[in-house]
Amino acid sequence: MATPTSSTSKYDQYLNKKMSIKTSFTIILIAALIIWSFIYTGFSIGDLMIGIPQIGAFFGQMVPPDWSYLDQITKPMLDTIRMAIVGTFLGSIVSIPVALLCASNIVQTKWIAIPARFILNIVRTIPDLLLAAVFVAVFGIGQIPGVLALFILTICIIGKLLYESLETIEPGPMEAMTAVGANKVKWIVFGVVPQAISSFMSYVLFAFEINIRASAVLGLVGAGGIGLFYDQTLGLFQYKKTAMIILFTLLIVVIIDFVSSKVREKLA
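Note that the structure is a prediction, hence the values are computed from the model and not measured. (Residues numbered from 1 in each chain as written. Predicted model: local features only at pLDDT ≥ 70, side-chain atom pairs only at ≥ 80, totals over all residues. Heavy atoms only, no water.)

1. A look at the UniProt feature "transmembrane region" (unreviewed entry) in the protein chain
Then comes step 1: Using the residue numbers shown here, the UniProt feature "transmembrane region" (unreviewed entry) corresponds to residues 21–39, 84–106, 118–141, 147–166, 187–206, 212–230 and 242–260.
Then comes step 2: End C-alpha atoms of residues 21–39 are separated by 27 Å, and the span's content is 100% helix alongside 0% strand.
Then comes step 3: The distance separating the terminal C-alpha atoms of residues 118–141 is 31 Å; by composition the span is 79% helix and 0% strand. (UniProt positions renumbered as here; feature names shortened; annotations may be inferred. Helix = DSSP H or I, 4+ residues; strand = E, 2+ residues; numbered from the N terminus.)

Next comes the structure, spelled out in structure tokens:
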């Protein structure tokens, strides 16, 4: 007659064997996927080595940057920053109800939460450049298409991060408010907001950083900002001016990253 100890040992061996099979299968599947991707993308180390000197020659044409071009791109860079500010501000406001609708512990009705997530996921699959191109076709060349594209991008970023954060908050305060008969608005304001406000502000700053980078290239499709000058200088082979734009953009991004990281540290 088998003892409980021997039965437990056999069960543990069975679980270990099962986990080992799953791990091996996962490794084989990932390796096959990587090899398949390398084959069908035509990636070649030889071609890469041939192209590296050409990359060096291309960047060599950017040295030294045209410092006199700084005066001409200051205003477009400010336009880019303003686009990011407006798009982030409007998108962060709209993302709050979107996140509340997607969070299953806030809206406990599946026929609302699931469709809301589905719509959010669909919109998230649309590239920001494609959104900007569509808005340019509708509204014409200018900053409005860029702002609208960043507005949608911000909703997607903050909405996704915020609803996932909301689903991990402590349910105790909400249960206590429900027990004393608080309505849904008070339930959210006094039970959800205090726990989520720090994460929300961090996500807003994160989205703003992304929008600064995104807005810098939206001009390639006519959505205003510094991207118009990227397109112009590259098209006319004015690489020294392009280098000046890149350095200026890099400086702005580094400053914003530094400031936002300090602010996030204070919020943590």
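2. Describing helix H4 (residues 110–124)
Then comes step 1: Here H4 is 15 residues long and its end C-alpha atoms lie 21 Å apart, about the 21 Å a rise of 1.5 Å per residue gives.
Then comes step 2: Buried within H4 we find Ala113, Ala116 and Leu120. For H4, the angular spread of buried residues about the axis comes to 70°, placing them on one side. Turned more than 90 degrees away from the buried face of H4, the exposed residues are Lys110, Trp111, Ile114, Phe118 and Ile119.
Then comes step 3: Of the surrounding elements, those touching the buried residues of H4 are helix H3 (70–102) and helix H6 (143–166). (Expected span 1.5 Å × (residues − 1). Buried < 20%, exposed > 50% of the residue type's maximum accessible area, 1.4 Å probe, protein only. Arc of directions from axis to C-beta. Contact = heavy atoms within 4.5 Å.)

3. Description of a nonpolar patch on the surface
Then comes step 1: Together, Ile30, Ile34, Phe38, Phe43, Ile45, Leu48, Met49, Ile52, Ile55 and Phe59 line one region of the surface with nonpolar side chains, adding up to about 970 Å² of accessible area.
Then comes step 2: A total of 6 residues in the nonpolar patch trace back to one element, the largest contributor, which is helix H2 (residues 45–60).
Then comes step 3: Looking at the element boundaries, Phe43 is found in the loop between helix H1 (4–41) and H2. (Patch = residues over 30% accessible without salt bridge, like charges linked within 9 Å, V, L, I, M, F, W, Y side chains within 5 Å. Areas by Shrake-Rupley, 256 points an atom, 1.4 Å probe, with all protein chains shown as cover. Salt bridge = Lys/Arg side-chain N within 4 Å of Asp/Glu carboxyl O.)

4. Points about the nonpolar core
Then comes step 1: The biggest cluster of nonpolar side chains holds 34 residues, and the ones touching the most others in it are Ile106, Ile158, Leu162 and Leu166.
Then comes step 2: Taken together, the elements giving at least two residues each to this core come down to H3, H4, helix H5 (128–139), H6 and helix H8 (184–218).
Then comes step 3: Per-element accounting of this core gives the leading share, 13 residues, to H6.
Then comes step 4: With residues up to four places along the chain from it excluded, the contact list for Leu162 reads Ser95, Ile96, Ala99, Phe200 and Tyr203.
Then comes step 5: Counting residues in each nonpolar core, the second largest holds 17 residues, with Ile73, Phe208, Ile212 and Phe229 among its members. (Core = buried A, V, L, I, M, F, W, Y, C linked by side-chain atoms within 4.5 Å.)

5. With respect to the pattern of salt bridges
Then comes step 1: A full pass over the atoms with the stated rule returns 3 salt bridges.
Then comes step 2: Two residues, Asp79 and Arg82, come together in a salt bridge whose shortest N-O distance is 2.5 Å. Pair noted here: Asp79 and Arg82 are both in helix H3, with a separation of 3 residues, about one helical turn.
Then comes step 3: With a relative accessible area of 42%, Arg82 lands in the partly exposed category.
Then comes step 4: Counted as one network, the salt bridges with shared partners bring together Lys75, Asp79 and Arg82.

6. Quick word on the side chain of Ser92
Then comes step 1: With respect to the secondary-structure elements, Ser92 resides in helix H3.
Then comes step 2: Contact partners of Ser92, with chain neighbours within four places excluded, come to Thr154, Ile158, Phe200 and Val204.

7. A closer look at the environment of Ala243
Then comes step 1: Inspection of the secondary structure assignment puts Ala243 in helix H10 (residues 239–267).
Then comes step 2: Using a relative accessible area of 8% as the deciding quantity, one classes Ala243 as buried.
Then comes step 3: Along the primary structure Ala243 and Pro65 are separated by 178 residues, whereas in three dimensions their C-alpha atoms are 5.3 Å apart.

8. Some details on the packing of H3 against H4
Then comes step 1: Between H3 and H4, whose axes approach to 7 Å, the crossing angle comes to 130°. On the basis of their axis angle, the class for H3 and H4 is oblique. Residue-level contacts link Val98, Leu101 and Cys102 of H3 to Ile112, Ala113, Ala116, Arg117 and Leu120 of H4.
Then comes step 2: Looking at side-chain class alone, the contact of H3 with H4 contains 7 nonpolar, no polar and 1 charged residues. (Axes fitted to C-alpha atoms, helices over the stretch in contact; angles between N-to-C directions. Parallel < 35°, antiparallel > 145°, perpendicular 65-115°, else oblique. Nonpolar A, V, L, I, M, F, W, Y, C, P; charged D, E, K, R; others polar.)

9. Some details on the environment of Ser199
Then comes step 1: Along the chain, the position of Ser199 falls in helix H8.
Then comes step 2: We classify Ser199 as partly exposed; its relative accessible area is 24%.
Then comes step 3: Spatially, the C-alpha atom of Ser199 lies 7.5 Å from that of Ser165, the residues being 34 residues apart in sequence.

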